[in-house]
Amino acid sequence: MNREQWLTSATKKLRPMFKQHGAAIPENVRVSCSWPSGSVRKVIGEAWTEKACADGAHETYISPVLDKPVDVLAVLVHELVHHAFGIEAGHKAPFKRLATTLGLTGKMTETTAGPELTEKLTEIAEKLGPYPHGKVTPGQGKTKQGTRLIKCKCSECGYIVRTTSKWLDSYGPPLCPCNSWAMDIELG
């Protein structure tokens, strides 16, 4: 089972809980592990209206920074509440009523699972098995790109200019404006 299959199975297992509280999750909900459109470090889930998708699907994105099944499920519940009432409702009264009834707590824009919901989500997670995903830590493993410009310096007066390797290959090192000598190329 891959991440999306796991998330789709989780959505199916959550449907009865929503139905029990008089809310329906739309049938055409797709859930993916992907970067939400907001800040990579802050936004951990996002629901998109069916109007945004060419085939009318309700899209949901769970951030790859999450890897603990219960945390993933809690974010999924939050996003599914959005789908149950329509994205346009935001975090206002209908959203808040269902979210708190289901067991989400805290500020409605940053909910977490309360104790009872955590218990239910733990049971669901045990039935689904491990979440097939390794946490992604933004910025890890990326090297900062250095400048593409190469430093050239006059050994006589210390004048510095930067240029590209293409220009150096085509025309050689630049000439110092004060004495017209070829400048030294400083690599690394």
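Just so you know, the residues in each chain are numbered from 1, in the order the chain's sequence is written. The predicted origin of the model limits local features to residues at a pLDDT of at least 70 and limits the giving and counting of side-chain atom pairs to 80 or more, whereas totals for whole chains, interfaces and linings rest on all residues. Computation of side-chain values covers all heavy atoms of the structure but excludes hydrogens and water.

1. Some remarks on the layout of surface pockets
Taking a probe equal in size to a water molecule and rolling it over the atoms shows the remaining empty space. The condition that has to hold: Cavities and pockets are defined on a 1 Å grid built over the protein atoms alone: a cavity is a set of grid points where a 1.4 Å probe fits but cannot escape, while a pocket is an open set with protein on both sides within 12 Å along at least five of seven lines, and lining residues are those with an atom within 4 Å of any such point. Grid points are joined across faces, edges and corners, and a volume is the space filled by probe spheres set on the points. Numbering of helices and strands runs from the N terminus; a helix is a DSSP stretch of H or I covering at least four residues, while a strand is a stretch of E covering at least two. Lys, Arg, Asp and Glu make up the charged group, whereas Ala, Val, Leu, Ile, Met, Phe, Trp, Tyr, Cys and Pro make up the nonpolar group; the residues left over, Gly among them, are polar.
The computed volume of the largest pocket comes to approximately 420 Å³. What lines the largest pocket is a set of 20 residues, among which I44, V75, T109, E110 and T111 lie closest to the centre. Every element with two or more residues in the lining of the largest pocket is listed here: strand 2 (45-48), helix 2 (69-85) and strand 5 (112-113). Counting residues per element, the lining of the largest pocket draws most heavily on helix 2, at six residues. Estimated volume of the second largest pocket: approximately 170 Å³. As for the second largest pocket, its lining consists of K13, L14, P16, M17, Q20, K120, E123, I124 and K127. At the level of elements, helix 1 (3-20) and helix 4 (115-128) are the ones that each hand at least two residues to the lining of the second largest pocket. It is helix 1 that provides the largest number of residues to the lining of the second largest pocket, a total of five residues. Looking at the lining of the second largest pocket residue by residue, the classes come out as four nonpolar, one polar and four charged.

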